[in-house]
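Observations on chain architecture
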Amino acid sequence: MPEEQCSSHGPGSQEYEPMKPVLSSFFPGSRAGEGGSEPGCLGNIAVDKGEEGTGYQRQYWERYTMMEMFESENKTLTREGVAQFLEIYETKRLPNSPGFSEFIIGPLMDALSESSLYGRSPGQLIGACPPLGMKLQKFLSTYLTLLPEEERSIFLLKFIQKMTSRHWCAVPILFLSMALACIPSCKALGTEGLHALRDVLQCTMITHQILLRGAAQCFLLQTAMHLTDVEKVSLPEISSFLMSLRPEESLRENCFMPDWFEAKLVATMILLAADVEEMKNKQSNTERVELKSFLHPLLDVLLKLGTNAYIPTLKTDKSLQLLLKLLQTCLLKQSSPLDDLDRCNLYLALLSELVNLCSNAGWKKGPSIWNFISSLINASIQNLQETGNEQLGEQIQKVVSMASLTVVCEIIDQKPELQLKSLHVVETLKDFISSVQLNQVLKKPSYIEEKNSLFEESTSSQGWGKIVASYVHDQWVCLHFILNKYHKFIPLSNDETLELSLLAVQRPIRTLQSALEALTLLPSDQVLPVFRCMKVLVPKLLGSSESLCIDAFDLAWKVISSLSNTQLIFWSNLKAFVQFVFDTEVLAVAASSKGQAYSKIKEIILKLVEMSTARTGVFNAVLSYCCQSWLFPTSDDTGALENPFSNAGNYSELITEACVFGMVFRRDQRRLIQDVHAFVENLGDECAANVVTESTNRDDHYVRVCAVKFLCWLDGSNTLHKMFMEDLVIKLLDKDELVSKSRTRYYVNSLQHRIKNRLWQTLLVIFPKLDQNFLTGTLDKIFQAGFGNNQASIKYLIEWIIILILHRYPQCLENFWNCFCYGEEKLKTSICTFLSVLSHFDIILENTSEKKPILKKALLVVLQWCFNHNFSVRLYALVALKKIWGMCKALCVEEFEALTPVIESSLHQVENMHGAGNARKNWQRIQDHFFFATFHPLKDYSLETIFYTLPRLSELVEDEWIPLCKFTRYTDISLPAAFHWLHSRTELLNLKPSDWSQQDMGSDLVETDNQTEWTDVQKKIIPWKNSSPDLDLELVFQDRAAKLGKSNSRLIVVASLIDKPTNLGGLCRTSEIFGASALVVGSLHYINDKQFQHLSVSAEQWLPLVEVKPSQLVNYLQQKKTEGYTIIGVEQTAKSSDLTEYCFPEKSLLLLGNEHEGIPANLIQHLDVCVEIPQQGIIRSLNVHVSGALLIWEYTRQQLIRQKQLK
């Protein structure tokens, strides 16, 4: 599909437009927002001293103004100020002065540390570089290019050192590093600069997200390669810098670089030489002579290892280190980091790589490998069985021996083609491992040996605790080898006896108890083999030792919840945790008894879902494993279970939660971290972090994508599948009803709106798999949902499902006609939904042979609504009438001849309206609306339409758009081969959101909006009063006040942006005293706050309070404008009116700003006027309660004067 369809577009409004008047006041004569540099712009920050004596003054004031913008609490103003500053590069007149450089290093970089500045601009594709990131690249490159060479190094060094002077967040450090990497190559960094880059790597990215941390490392490595003056730095300094990189996050060679100083340096040089030679060979057919000659010294040493006893030990060690590095690189194998500098561990790592090499080379078996493995096993077991000697050397020998057995177990398990299992000594190994005392902690030895002990250096450098942890870890790796091989023989309790003499297998309860002990002993980065052993043991013991298994669940969860998701070990531990807690046999046994384990697993599901709200990707791991094991079980998954899919029904809440899962970000967040993640992933192989970091499928959308793909595999003819789908549908419908009851009036893009939208999307996916009996039974619930007070996107989905059901089962039409028989009170917010269904009546009757009686019934139903007093209802009815009458004429139905004059006259009249204001325009708009003009319920049935096209056309926030490319990129579960409903039709995909959709968003506002718009057309009395609970509440308060003889003004005070209860309580008291008609707050929960009540002194009982959340203010202000109110903002802008000179209209709406941020930029453009209070002092602003009180009194004072004049 085209790339633009794989991305989402933001709102089309210009975010910075409202700031231009503000910038104009700062820079008279400047082209704010255009990136130009007119006289007076910051481009002239350094001017000629002799320019009429004003140069220094202008330079000072421009810098002062910029600093004020940078330090502003309003982040929109800060972002615009930074953007204006960075756009100076376009003029090519960057000032060359120390003051300018200091300004960049100081205030500019301080401002750049704010993460929110790096958000996408409206309309920008997801995955694109944010505007500030691009401007920063161009600015830094241009500025450094224009700097003299001697100043360039000084500036760069200060710039990088500034990056080490504070703990930067992940997003700013990423884009600063990217800007450095884009600087044209030059010799600018010496030893000090390289050390500064190393400090950035080591000090500032400890807690950052893994992918962003890896990407920043990649950019800093590119910076070092492009800007380092190799003549000024030594090889050890380069090596020191390379060692500060995390290869598992940022080096795309897909290999581990050992932590040895010289070996790492030389290996890196060999890798670089190999890459250069490979690029040369692509252009010519020359042989790789250079690399061979480079490796000759290494080969020479290796050939003499077995014959020359006098080769220096240091030389042999370094040669083997380098060989290990080269073997790992050649095999492109990701190895685990080595724990020690000890040469014994080096030998073991080398052994593993040599076995891999032999296997890959086709050398399947041979006496050399067999003899060496046998000798290693015997020697290791002998060392481990020795007792009584607790000297340092002997203790370390035991650690190395256990590590040797671990390597042997891994080789036997991973390389079956070598046939090592046939060795007699392997049986000895199994007996020893099974009988070893688990969690045996080596006693820390007293250092009484000679100082030149073979192991003293490694022991002191690594720490005894880490050595012991490694020893215990290796015990569990070996034990997992045994348990995994003999898992079928593990008894269900300790009472059963086996022919096997393997103690760990015979006594599973004791082994599991040891596993719990190990979790308390081992550090979190060493518990993985314990989790793997628990995966084998828990399914066998859950039936007989439920309490012990529950303890295992709790302790394992404690380990997982204590880890940070910025640690690489978190994800591997989480995966192992999920695999043993959600093992198919564990789930089945727990569900069969419905005991404490069943409740505990469900509790863990809820905890994981909750954790997912803070740690993106957690729910993804759980859901992916469960869906795969339920749909495509392996032999290990099934065990004694006949059908693992039964677990899906027992734990259906997992799928239910997945279907409605998704984050609701604050507006100022704008999914910043996920947007930046998408940008890094969009870089592809250009950024090595994408190659080596396993971060795929952690997007929040992939939870729902996985759930939808899971549902696509279900087969209605399969009994278990059928029961699961029916149960899921009932739960989703109940959830919809619960959400509707919790908030009878919910706003567009609110959490309630999103949850409802997600669950109806899921229902639309499941619908084709449901049978007639079940659909008939649930049809009433679907109709009842249609009666709800729904947002536009929900209405379209409900209408679509009803159309598809009636198309498939026309016999359900009788139930559908009953929907038109309810009273007006129930139908006032929903009748348009059912009329919209009739506008697709040709699709509904497509498979019906007897169409005439049904068409007659449809005409009678629609005609009565064509004469409704509400104009909006009449429009929907006329659209349906036009469709149905066209079908009647096509069938030449004689029975309708009596109705022909009436219907034809009505349709002719509406098609040829003249002089009716906006009536004709709106008739055309509704006919052109995508749901009536382009949308085809059958041809447009596809995943892309449901999850991307329809949400976009119904103007859902872009967070809810799931492009089709995400379904194809998510490969853990594929779509069935027979599934063909993927793409939207091009006609629908190319449409833009229709303006008519604004009228049916939030149907509680439909009539108000439409009726206001049509006041010039019709003057009929509307018997249906507006159903808004807020307005009803307002009337109650007004009636109460009237009974007390109290008069109310026409002033509305809007304080939705204020979040301090004390300020709201004071405003409530002031508004009530001066007779305001209503106080609008962001939440009515504030009135229960003690601080609010202390300031309001019961004023809330006599003043109408209306709840309008900040995200709903735009719609609320627009509605009040249509009612004749003047929207007045209390804000200092370029064109603010002085309070002493402003004349308040009678119908005034006073909008107060937030205590810190003021009025957001997106609301300023909706104001009719801004009023500011004249000030004489130095402090910039008054308390918002005081400001509001001053304006409320001034309004009241002016109204009192007018009333006296009228008398």
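First, a word on what this report is: a plain description of the structure on this page.

The rules behind each value
- Residues numbered from 1 in each chain as written.
- Predicted model: local features only at pLDDT ≥ 70, side-chain atom pairs only at ≥ 80, totals over all residues.
- Heavy atoms only, no water.
- Helix = DSSP H or I, 4+ residues; strand = E, 2+ residues; numbered from the N terminus.
- Buried < 20%, exposed > 50% of the residue type's maximum accessible area, 1.4 Å probe, protein only.
- Contact = heavy atoms within 4.5 Å.
- Areas by Shrake-Rupley, 256 points an atom, 1.4 Å probe, with all protein chains shown as cover.
- Pairing = 2+ DSSP bridges.
- Polar contact = N/O pair within 3.5 Å; in protein donor to acceptor, adjacent residues only side chain to side chain.
- Axes fitted to C-alpha atoms, helices over the stretch in contact; angles between N-to-C directions.
- Core = buried A, V, L, I, M, F, W, Y, C linked by side-chain atoms within 4.5 Å.
- Phe/Tyr/Trp six-rings, centres within 6.5 Å; stacked < 30°, edge-to-face > 60°.
- Lys NZ or Arg CZ within 6 Å of the ring centre and 35° of its normal.
- Salt bridge = Lys/Arg side-chain N within 4 Å of Asp/Glu carboxyl O.
- Left-handed = near helix turned anticlockwise from the far one by under 90°.
- Nonpolar A, V, L, I, M, F, W, Y, C, P; charged D, E, K, R; others polar.

Within the chain one finds 57 helices and seven strands. Per-residue burial over the chain gives 55% buried out of 1207 residues. Within the chain, counting contacts between residues at least 6 apart in sequence, those at least 24 apart form 77% of the total. Carbon and sulfur atoms make up 53% of the accessible area of the chain, which amounts to about 53500 Å² in all.

Alternating positions in strand S2 (residues 1078-1081) separate into two faces, Ala1078 and Val1080 on one and Leu1079 and Val1081 on the other, with burial throughout. Sheet analysis places strand S1 (residues 1051-1055) next to S2, joined by four bridges and oriented parallel. What sits directly across from Val1054, in S2, is Val1080. In terms of strand pairing, S2 meets strand S3 (residues 1105-1107) through three bridges, oriented parallel. Following the sheet pairing, Leu1079 is matched in S3 by Leu1105.

Of note, Arg615 is situated in the loop between helix H27 (596-612) and helix H28 (618-631). Within the local environment of Arg615, its side chain forms a polar contact with the backbone oxygen of Leu563, the two atoms lying 2.6 Å apart.

This brings us to the sheet that holds S3. The pairing of strands in a sheet happens through backbone hydrogen bonds and is either parallel or antiparallel. One open sheet holds the seven strands; their spatial order is S3-S2-S1-S6-S4-S7-S5, and the pairing between them is parallel. With one partner strand each, in any of the chains shown, S3 and strand S5 (1137-1138) form the two edges of the open sheet. Its contacts with the sheet put helix H57 (residues 1184-1206) on S1, strand S4 (1126-1130), strand S6 (1148-1151) and strand S7 (1169-1172), and the angle it makes with S6 is roughly 170 degrees.

Attention now moves to the nonpolar core. In terms of nonpolar packing, the biggest core is built from 223 residues, with Phe531, Met534, Phe582, Phe710, Trp760, Phe816 and Phe841 touching the most fellow members. Sorting elements by how many residues they give to this core places helix H44 (residues 871-891) first, with 13 residues. Excluding its chain neighbours within four sequence positions, the residues that come into contact with Phe582 are Leu587, Ile601, Ile604, Ile605, Leu608, Val622, Tyr625 and Cys626. Grouped together as the second largest cluster of nonpolar side chains are 73 residues, Tyr143, Ile173, Ala179 and Val233 included.

Okay, the pairing of S6 next. Burial along S6 is two-sided: Ser1148 and Leu1150 and Leu1149 and Leu1151, pointing in opposite directions, are all buried. Taken together, the four bridges between S1 and S6 define a ladder with parallel strand orientation. The residue bridging Val1054 from the neighbouring strand is Leu1151, located in S6.

Inspection of the entire model under this criterion finds 47 aromatic pairs. Ring plane angle 50 degrees and centroid distance 5.0 Å describe the contact between Phe787 and Phe834, whose orientation is recorded as tilted. Placement of Phe787 in the loop between helix H37 (772-786) and helix H38 (792-808) and of Phe834 in helix H41 (residues 831-838) is noted, with a sequence separation of 47 residues between them. Side by side, Phe787 and Phe834 carry an identical accessibility label, which is buried. Linked through ring pairs, Tyr796, Trp800, Tyr876, Phe930, Phe931, Phe932, Phe935, Tyr941, Phe979 and Trp981 together constitute an aromatic cluster. Sitting over the ring of Tyr598, Lys594 keeps its end group 5.0 Å from the ring centre. The residue whose ring lies beneath Arg808 is Phe767, and the NZ or CZ to ring-centre distance is 5.6 Å.

Further remarks concern the pattern of salt bridges. Side-chain pairing between opposite charges can occur once the charged atoms of the two side chains come close. Taken as a whole and judged by the stated rule, the model has 31 salt bridges. Salt-bridge contacts for Asp554 lead to Lys600; the nearest nitrogen and oxygen are separated by 2.9 Å. Of this pair, Asp554 sits in helix H24 (residues 546-562) while Lys600 sits in helix H27, and the two are 46 residues apart along the sequence. Classification of Asp554 as partly exposed rests on a relative accessible area of 33%. The partner of Glu1107 in a salt bridge is Lys1109, and the shortest N-O contact between them spans 3.9 Å. Using a relative accessible area of 27% as the deciding quantity, one classes Lys1109 as partly exposed. A single salt-bridge network, built from bridges that share partners, covers Arg704, Arg754, Arg758, Asp959 and Glu960.

At their nearest, the axes of H38 and helix H48 (residues 943-953) sit 11 Å apart, and the two run at 145 degrees to each other. Two packed elements cross with a definite hand, and for H38 against H48 that hand is right-handed. Between H38 and H48, the residues in contact are Tyr796, Leu797 and Trp800 and Thr945, Ile946 and Leu950, respectively. Here the contact of H38 with H48 is built from residues that sort into five nonpolar, one polar and no charged.

Backbone phi values are negative for most residues with the exception of glycine, while trans is the configuration of most peptide bonds. Even without being a glycine, Val1097 presents a positive backbone phi close to 45 degrees. With respect to the helices, strands and loops of the structure, Val1097 is situated in the loop between helix H54 (1090-1096) and S3. In this structure, Ser1098 is a non-glycine residue whose phi angle is positive, near 70 degrees. Mapped onto the elements, Ser1098 comes out in the loop between H54 and S3. The partly exposed category is assigned to Ser1098, whose relative accessible area is 32%.

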